[in-house]
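These are the residues of each chain, in order.
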Amino acid sequence: MIKINENFNKLQASYLFSDIAKRVAAYQQANPDRDVIKLGIGDVTRALPDACIKAFHGAVEEMADDNTFRGYGPEQGYDFLREIIAKEDFQARGAHIEADEVFVSDGAKCDSGNFQELFATDIKVAIPDPVYPVYIDTNVMAGRTGLWRDGRYDGIVYLDATRDNNFVPDLPDSPVDLIYLCFPNNPTGATITADQLKKWVDYAREQKALILYDAAYEAFVRDESLPRSVYEVEGAREVAIEFRSFSKTAGFTGTRCACTVVPTDCMAYTEAGEKVSVHSLWNRRHTTKFNSVSYPVQRAAEAVYTPQGKAQVRELVSYYLKNAEYIREKMIALGYECTGGENSPYIWIDGKKDSWEFFDTLLNEAGVVCTPGAGFGKCGRGYVRISAFNSFENVSEAMTRISRVL
Ligand code: PLP
C-alpha cells in the first residue's frame, strides 16, 4: 500500500488566492459593466526589455542550426551568465562572490523552497510573520513542524514583523539554526539597513546558524545607503545564502531565470560536529535534481547586464516604483499608515479593520483587488498589500476610485 507523507496533512490549504478569485468572480457577475483593476497578485505586467528579447531571438536562431545547437547545459548554469552575475551584482558592489558560487536556476521560489532539504529534520527554523508562504510550507512538508494551531505551526520560531519594529524582526529569544529573511520584503515592502543586517549575520556566526536571504526584490532598492545583497555585510560569506531572481528585476516571471549564491565559506555540521561545505551539498543536490535553465533564457538573462539592458531594466523598475510611490502617497493622504512603496513594489497598509473586510470594501465599492494581509500570517491581520505591478493608468484610476470610497 502506497502511503503518503503525513506532513502534507498538516498543511493549511492556501485559500488566499482562490478566495480572492471567487470574490472577484462574484463581483464581476453582479457588476458586468464595471471593470476590475487588479493590484493583488505580485506578477509583472510589462514586456521583457528589448535587449533581452533580442538576445533571446539570437539564441533561438543558434538552436536552429546544427553547428550552434546546444543540448544539456552545465547544471549550475553557463559560465557566461555565472560570471556576469558575480561581477555585476556582487563584485561591483564590493561583495566578494565568485562565479562558481552562483547557481543558475529556474526560480527563487524553487530554490528558497528546496534549500532546507540539505539540513536535519530536528533543526530549529526561524521564519518571519508575515511572510512569503513558501518558506513555511516547505518546512512543514519536510516534517520540521508540529500541527497548525491558532494561525501558526508548532515548532517554528516566528519572527514578528510589526509596526513596533518597523517590520524588521528582532533576533529570536531562543537559539535557532536556520533563519529566513527577505528584503525588500514581500508582503510588507520593508527594507533593512546594513547595521540591522549585521546583527543577524553576527548572530548567525555566534550560533553557527545559517541565513537564507531572499533578495528577489533587490532591484527595487534605490536608496544607495541600503544593502542590495547580504554579502555587502562583513562576515556574511560564512553564514548566508542569497536567492536572486530575474522575475521582478527584468520581467522574467513567465520566462524563468534566477540564481542562488552559495559561498564556499558557508559550513553546516554533522551530528558529530564536523564541518561540511554547504556549497558542496547544494552542488550535489542541484546537479542531481536539476538540469539547467534553457540556453536562450540564459542568453536573455545575460543581456540584462549589457549597457542597453541595464538602462531598460532600470526604466522598467522605475516605472513600477513610480506606481508604488503614487499608491503610497494617496493612501497616506487618505489617513492610512503604510510601509513599503519606497525601494519596493509592495505597499503594506494598516486597514484599521479586518483585512478581508477592507478587501471587500475595495472590491465591492471601488472595483479594485488587493491582497488581505491575513493570508501572509497572523501578524498580517488588519493589513492589506497593494502591488504596484500594473500600468500607471490603471493604478491612478484605482487610486481615484479608492479615494472616493474610503
Ligand atoms: N521570493 C519572493 C519573496 C517572492 O515574492 C517571489 C515571487 O513572488 C519569489 C521569491 C519567486 O521568484 P521566482 O519567480 O524567481 O520563482
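For the structure, check the block above.
Source: prediction; values computed, not measured. (Residues numbered from 1 in each chain as written. Predicted model: local features only at pLDDT ≥ 70, side-chain atom pairs only at ≥ 80, totals over all residues. Heavy atoms only, no water.)

(A) Summary view of the overall build of the chain. Of the regular secondary structure elements, the chain holds 14 helices and 17 strands. The C-alpha radius of gyration computed for the chain amounts to 21 Å, which stays within 12% of the reference 22 Å derived for 406 residues, consistent with globular compactness. For the chain, the spread of C-alpha atoms along the three principal axes comes to 60 × 55 × 55 Å. Each of the 406 residues in the chain was classed as buried or not, and the buried ones make up 53%. The contacts of the chain with a sequence gap of at least 6 include a subset with a gap of at least 24, amounting to 72%. Taken as a whole, the chain presents about 18,000 Å² of accessible surface, with 49% of it coming from carbon and sulfur. (Helix = DSSP H or I, 4+ residues; strand = E, 2+ residues; numbered from the N terminus. Rg over C-alpha atoms; globule rule 2.2 N^0.38 Å. Buried < 20%, exposed > 50% of the residue type's maximum accessible area, 1.4 Å probe, protein only. Contact = heavy atoms within 4.5 Å. Areas by Shrake-Rupley, 256 points an atom, 1.4 Å probe, with all protein chains shown as cover.)

(B) How the structure looks around helix α12 (residues 307-333). Helix length check: α12, at 27 residues, gives a terminal C-alpha distance of 39 Å against a target of 39 Å (1.5 Å per residue), a fit within 8%. Listed in full, the buried residues belonging to α12 are G309, V313, L316, V317, Y320, L321, N323, A324, I327, R328 and M331. (Expected span 1.5 Å × (residues − 1).)

(C) Broad picture of the pattern of salt bridges. This structure, assessed with the given rule, holds 26 salt bridges. Across the pair R228 and E218 runs a salt bridge, and its minimum N-O distance is 3.1 Å. Linking R228 in the loop between β8 (210-214) and α8 (236-239) with E218 in the loop between β8 and α8, this pair joins segments that are ten residues apart in sequence. Among the residues examined, R228 registers a relative accessible area of 21% and is labelled partly exposed. The class of E218 is buried, set by a relative accessible area of 6%. A salt bridge links R244 to E242, with the nearest nitrogen and oxygen atoms 2.8 Å apart. Each of the two residues, R244 as well as E242, counts as buried. It is possible to trace a salt-bridge network through shared partners that takes in D89, E218, R228, E242 and R244. (Salt bridge = Lys/Arg side-chain N within 4 Å of Asp/Glu carboxyl O.)

(D) A look at the sheet that holds strand β16 (residues 371-372). The four strands are arranged β13-β14-β17-β16 in an open sheet whose pairing can be described as antiparallel. At either margin of the open sheet sits one strand with a lone partner, and together these are β13 (338-340) and β16. Bridge count for β13 against strand β14 (residues 346-350) is three bridges, and the pairing is antiparallel. The residue of β14 that forms the bridge with G340 is I347. (Pairing = 2+ DSSP bridges.)

(E) Highlighting the packing of aromatic side chains. All chains considered together, the criterion is met by 25 aromatic pairs. Judged by centre distance (6.3 Å) and plane angle (50°), the ring pair of Y217 and F220 falls under tilted. Residue Y217 is classed as buried on the basis of its relative accessible area of 6%. On the numbers, 6.0 Å between centres and 85° between planes, the contact of Y319 with Y320 is edge-to-face. For Y320, a relative accessible area of 1% puts it in the buried group. Taken together through their ring pairs, the aromatic side chains of Y217, F220, Y319, Y320, Y346 and F389 make up a single cluster. Over the aromatic face of Y269 sits the side chain of K208, whose NZ or CZ is 5.1 Å from the ring centroid. (Phe/Tyr/Trp six-rings, centres within 6.5 Å; stacked < 30°, edge-to-face > 60°. Lys NZ or Arg CZ within 6 Å of the ring centre and 35° of its normal.)

(F) Structural view of unusual backbone geometry. With omega at 5°, the peptide bond leading from D129 into P130 counts as cis. One can find P130 in the loop between β3 (125-129) and α6 (134-141). In this structure, P187 follows N186 across a cis peptide bond, with omega equal to 15°. On the secondary structure map, P187 appears in the loop between β7 (178-182) and α7 (194-207). Its identity is not glycine, yet S292 carries a phi of approximately 80°, on the positive side. Along the polypeptide, S292 turns up in the loop between α10 (278-289) and α11 (295-302).

In short, the description is geometric, and any link to function would need to be established separately.
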